[in-house]
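Structure assessment
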Amino acid sequence: MMLFVPPALVTAETGSGVPENELDRVRQFFSEGKVLHAQMTHELIDSYTGETQVISGVLWISREKYKIQADYQVVLVNGDVSMVYNERQNKLIISEYEPEEDDFAPSRFFSDSDELFRVAGMTREGDRTEFTLLPEDPFEIFTEVKIRLNADLTPDMIRATDQMDNLLNTTFYEARYLEYSDDFFTMEYPESAEIIDLRK
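Report follows, based on the coordinates.

Its place among the elements puts Tyr 48 in the loop between strand 1 (35-45) and strand 2 (52-61). Residue Tyr 48 is classed as exposed on the basis of its relative accessible area, which comes to 78%. For the pair Tyr 48 and Asp 165, spaced 117 residues apart in sequence, the C-alpha separation works out to 8.6 Å.

Turning next to helix 1 (residues 22-31). Residues of helix 1 that are buried include every one of Glu 22, Leu 23, Asp 24, Val 26, Arg 27 and Phe 30, and no others. Residues of helix 1 that are buried sit in contact with strand 1, strand 2, strand 7 (117-125), strand 8 (128-135), strand 9 (142-149) and strand 11 (167-178). The opening residue of helix 1 is Asn 21, an N-cap whose side-chain oxygen sits 3.0 Å from the backbone nitrogen of Leu 23. One or two residues past the end of helix 1 sits Gly 33, with phi positive at roughly 100°.

With that settled, the discussion passes to the side chain of Asp 156. The residue Asp 156 is located in strand 10 (residues 155-162) in this model. You can call Asp 156 buried: its relative accessible area is 10%. Apart from residues no more than four positions distant in its own chain, Asp 156 is found in contact with Arg 128, Arg 148, Leu 149, Asn 150, Thr 170, Thr 171 and Phe 172.

Quick look at unusual backbone geometry now. Positive phi, close to 65°, is recorded for Asp 165, a residue that is not glycine. Following the sequence through the fold, Asp 165 ends up in the loop between strand 10 and strand 11. Given the relative accessible area of 52%, Asp 165 is considered exposed.

Before going further, it helps to spend a moment on the sheet that holds strand 4 (residues 73-78). Spatial strand order, 7-8-9-10-11-1-2-3-4-5-6-12: 12 strands in an open sheet with mixed pairing. In the strand order of this sheet, the two ends are held by strand 7 and strand 12 (194-197), each with one partner. Within this sheet the neighbouring strands show an average axis-to-axis angle of 15°, counted without direction. Pairing between strand 2 and strand 3 (residues 65-70): five bridges, direction antiparallel. By the bridge assignment, Ile 61 is partnered in strand 3 with Tyr 66.

This paragraph deals with the nonpolar core. Formed by 30 residues in total, the largest nonpolar core has its most connected members in Tyr 66, Leu 133, Val 145, Ile 147 and Phe 172. Core analysis: the second largest hydrophobic core is formed by 15 residues, Val 35, Val 58, Met 83 and Phe 184 among them.

Parameters and conventions
Residues numbered from 1 in each chain as written. Predicted model: local features only at pLDDT ≥ 70, side-chain atom pairs only at ≥ 80, totals over all residues. Heavy atoms only, no water. Helix = DSSP H or I, 4+ residues; strand = E, 2+ residues; numbered from the N terminus. Buried < 20%, exposed > 50% of the residue type's maximum accessible area, 1.4 Å probe, protein only. Contact = heavy atoms within 4.5 Å. Polar contact = N/O pair within 3.5 Å; in protein donor to acceptor, adjacent residues only side chain to side chain. Pairing = 2+ DSSP bridges. Axes fitted to C-alpha atoms, helices over the stretch in contact; angles between N-to-C directions. Core = buried A, V, L, I, M, F, W, Y, C linked by side-chain atoms within 4.5 Å.

Spelled out as structure tokens, the structure:
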């Protein structure tokens, strides 16, 4: 079972807490409780086989939660619980959420920690700004992350390279920041669904 969520937006703030750049401002949005809502297309390009997997859907991302509706599947991570509903199988799987096992765990990127990634470069082209992030930890799954932001600070593209040189490209459409609501992070499924609870 593969959980998908785009790599999040991370950078360090100055000691005064004043955002230094656009990426700092995005991180501040999440710390203030904003929710990113967008249409998205995600591509995973396998470096060994050259095969490309494509997922399209809708996502909601907050500082500690995310929800994705895509291709007959809904993924909801709410705190320390992960829920995945497969419409075709009419099956709901509930498990304890392990951020370190989630390739794109928002909890790693949207937290207050500034020790995960550092900004290694920044370029501006028109009304877009692209940041290159490098990991502080040599064992981090991603060796490089590029984030391109629009003028309104919504992400336009996130591209990541992992330790196996696989490429993960996420394109965002109609992205906007919303005020937080619990309604964004609910899971709906029919009463007839088979529920498999893997929590200990």
